[in-house]
Structures are given as structure tokens and as C-alpha cells.
Amino acid sequence: MKAGQVLGYIDPTLPPEIRELLSILQTASPASPFPQVEAALRAAFGPRADALLSGLERQPVSVASIGQVHRARLPGGTEAAVKVRHPGIDEALQSDFRAAGTGSSFASVLLPGAAPSIRGFIDEARTVLLEECDFSLERERQATFARLFSQDEVILIPAVEPEWCASSVLTTRWMPGQSFDAFLAANPSQEVRDRMGIALFSFYIGTLYRHGLFHGDPHPGNYAFREDDRVVVYDFGCVRSFDAATVLAFAALVDVVRADEAHGMREALVALGARPPGDAGSLAMLRTLLRSFFAPLLEHGPRPVHPGSGFEAQQILRDKRFLAKLSLPGRFLFLFRLRFGLYAVLARLGAVADWGALESQWAAEARRTGKTAERDAQPGR
């Protein structure tokens, strides 16, 4: 199911019929029977579970690979969404990754070309997917993003209800909206498309530069569109964080790719922990890879994202020998997934913006913040 979710919105070569079928996995995977849901709530809350179960709808409103969401009315009347982990999903994932070849299968879907020998990608996939099973961790991450975006004019993050949360249960405020497909079917104006697209780009890319964080799962099942021209973001199971030095190195990479400085690209990747090849042919492939990876940033001025953006990078990453020679750190796995997935969403949305100017602005802000922090850390200040 996890592989199908990723493939359904990343691969631009899939026929529309197959993409539509795979999209079902985003919100309509097979549900756990309600008795299992009830047992999970009783195990999490003991006698208190009766108060939650009395206001819980038996039929889930959405079901994904890790858990399912039920609408509820909490004691006191608050409308809530109760996300319950599928029984045994964490043990199943651990077992799958122990099986020969399964870990590399996950990695090859998340990053085409990842070979079984590339342990970093497999370890990263294992870490992230198992973290998605820990709803206590997701609660902390969602609360962090809710704080960071509390004043945002477009992005809405549902507030967490901590007294009804556990390692297998996550309860948040009920904040519904239209699905991505329903939003597009309503044929929104170009102004609204642009507003939504810029907000999503800022949420998924801007937070890396501003806070060293990124939500690594931009598939359309993770947000909903409201009538007040705002977008609600759900599901904070896949969140990665980077230290300030890595953020600055990534900001430098953006600059040299936009300037098409091959030597600078190599230096920036070294700063990010990669081991770029030295031969001319591989360096040319590296340049093509990075320029495809950042494709929407290379064109100046407002423009839509092309449906095939990032596709050339995916083709290059199918060359396992080149990927092994490049020796990218495992943490790049979800950065690639984020870019490819977000480009696909923005292309379908039809949003128009100067994407390169936006990211360059955030990169410049990160450098200024980094220099200020470095100066303030000097002795005597």
C-alpha cells in the first residue's frame, strides 16, 4: 500500500486510469474491523475509553497504510478526528524489512534506482516508515508545525487533543475540506490555484530553510481545500529535520545549480555528505541530475510547473552504478520523494509563480540567519 501511494502520484508516465486506481490507496485502503479499533482504544485509555467510544463513528472517514481516521465528538462537545493505528502494523513493517529484498523494494519506489547494496537509503526508509507507526512522535511533530504556522494566512494545521493521544492513537480537531480531485473538479480560478500552489510550496520547501524541517509526504491525501481558500495539512508521520550546517549547504546547492556552476555543485554535494565522482562523464550526469531535480527553479519569472519536471532525474537515478558511485547520504531519499511528489501536485494544480525566486529568497534568508547565529556565537558577544 505504501509503495502504491508513492507511485500513484510521483510517476508521470503512468496512464490516468492506473493513477486513479492507485490514488484509492491514499484514503481508501482496507479498514481494520471496528472491534479491533475498539480494542486499541481500550488498551490505550483503559476505562476512559468509554467516554471516547460513545461519540466515535464506527465507519472510518479515511483509511491509509498505517492507520484509519474516525470522526468523533469528544466529551465536552469538541468535534475531533481520531486516528487509530492498524493492529500489528509496526511488527509487520519490521518483519518486511527483515525479509530479503523488501527493504530495497521500498527504497527503489521512493527513489528509483536505489539498489539493495545502498544501505543508507534502506535504513532511512526503515526509520521513517517505523516512525510513522509512532503516533506519540507524530503528535509532537504536528504540534510543532501547528505552532510554526499558527499565523499563516493559507495553511491550517489541526490542533492536537493531547489527553486523547497515545502511541497508537492520535486525536486532533476535526477540520474537513475538499479532496484534491474534488477541488480541481470545481475548476477554481487561476488566482486561487496560484494561492494554493504557493502556500503548498512554502509549506513543503520553505520550512526546510526557515526551520530545518520538512514534511516529507506531499501526496494529495494529506491535505484538503476549504471554501475560505485555505488548505488543511494532515499526517505528520513523515517529518525529517536537518541541522543548520546542512540547511546552509543545501542553500548553497540551490544557488550553484541555478547559476549552472558545475564545480560549485560538486563542492555543495561534498558539504552535504555525498562523494561526487571525478570523471567527466559522471560529472555531466550529476549536472543533469541536479538541474532536473531543481527544474522549476531554473526558469525565471512566473510560470506553471511542467508535468514532467524531475522526470529526467528519475531516469538518471535508475542507473544503479551511477547512484552507487555518487554515494548520496540516506537522508536524501525523502528529499527526492518530496521534490518529485510536490512537482507532480503543482503541475496538476496549474499554479503559476516564480518558483526559483521563492526558493532563492528562502535560501538567502537561511544564509543571513546562519551568519547572524555564527556572529552571535563568537567570544565576547
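Residues numbered from 1 in each chain as written. Predicted model: local features only at pLDDT ≥ 70, side-chain atom pairs only at ≥ 80, totals over all residues. Heavy atoms only, no water.

Some remarks on the side chain of Lys 83
Then comes step 1: Structurally, Lys 83 can be placed in strand β3 (residues 79-85).
Then comes step 2: Among the polar contacts made by the side chain of Lys 83, one reaches the side chain of Glu 138 at a distance of 3.1 Å.
Then comes step 3: In this structure, Lys 83 is in contact with Gln 68, Val 69, Phe 135, Glu 138, Ser 168, Val 169, Leu 170 and Asp 235, ignoring residues within four places of it in sequence. (Helix = DSSP H or I, 4+ residues; strand = E, 2+ residues; numbered from the N terminus. Polar contact = N/O pair within 3.5 Å; in protein donor to acceptor, adjacent residues only side chain to side chain. Contact = heavy atoms within 4.5 Å.)

Describing the sheet that holds strand β1 (residues 62-63)
Then comes step 1: Sheet architecture is open: 4 strands sit in the order β1-β2-β3-β5, paired in antiparallel fashion. The open sheet has two edge strands with one neighbour each: β1 and β5 (169-173).
Then comes step 2: The sheet contact formed by strand β2 (residues 67-73) and β3 spans 7 bridges and is antiparallel. Across the sheet, Arg 71 pairs through a bridge with Ala 81, a residue of β3.
Then comes step 3: Lying on the sheet, helix α3 (residues 34-45) is in contact with β2, β3 and β5; it crosses β3 at an angle near 95°. (Pairing = 2+ DSSP bridges. Axes fitted to C-alpha atoms, helices over the stretch in contact; angles between N-to-C directions.)

Structural notes on helix α10 (residues 190-211)
Then comes step 1: Under the 1.5 Å per step criterion, the end-to-end length of α10 is 30 Å for 22 residues, consistent within 8% with the ideal 32 Å.
Then comes step 2: By the largest-angle criterion, Ile 205 marks the main kink of α10, which is about 45°.
Then comes step 3: Of all 22 residues in α10, 16 are buried; the element is thus mostly enclosed.
Then comes step 4: Gly 212 lies just past α10 and shows a positive phi near 70°. (Expected span 1.5 Å × (residues − 1). Bend = angle between axes of the 7 residues up to and from the residue. Buried < 20%, exposed > 50% of the residue type's maximum accessible area, 1.4 Å probe, protein only.)

Remarks on the side chain of Gln 68
Then comes step 1: Position of Gln 68 among the secondary structure elements: in strand β2.
Then comes step 2: Among the polar contacts made by the side chain of Gln 68, one reaches the main-chain amide nitrogen of Ser 32 at a distance of 2.6 Å.
Then comes step 3: Side chain to side chain, Gln 68 and His 70 meet in a polar contact 3.0 Å long.
Then comes step 4: Once residues within four sequence positions are removed from consideration, Gln 68 is found in contact with Ala 31, Ser 32, Val 37, Pro 60, Ser 62, Val 63, Val 82, Lys 83, Val 84 and His 86.

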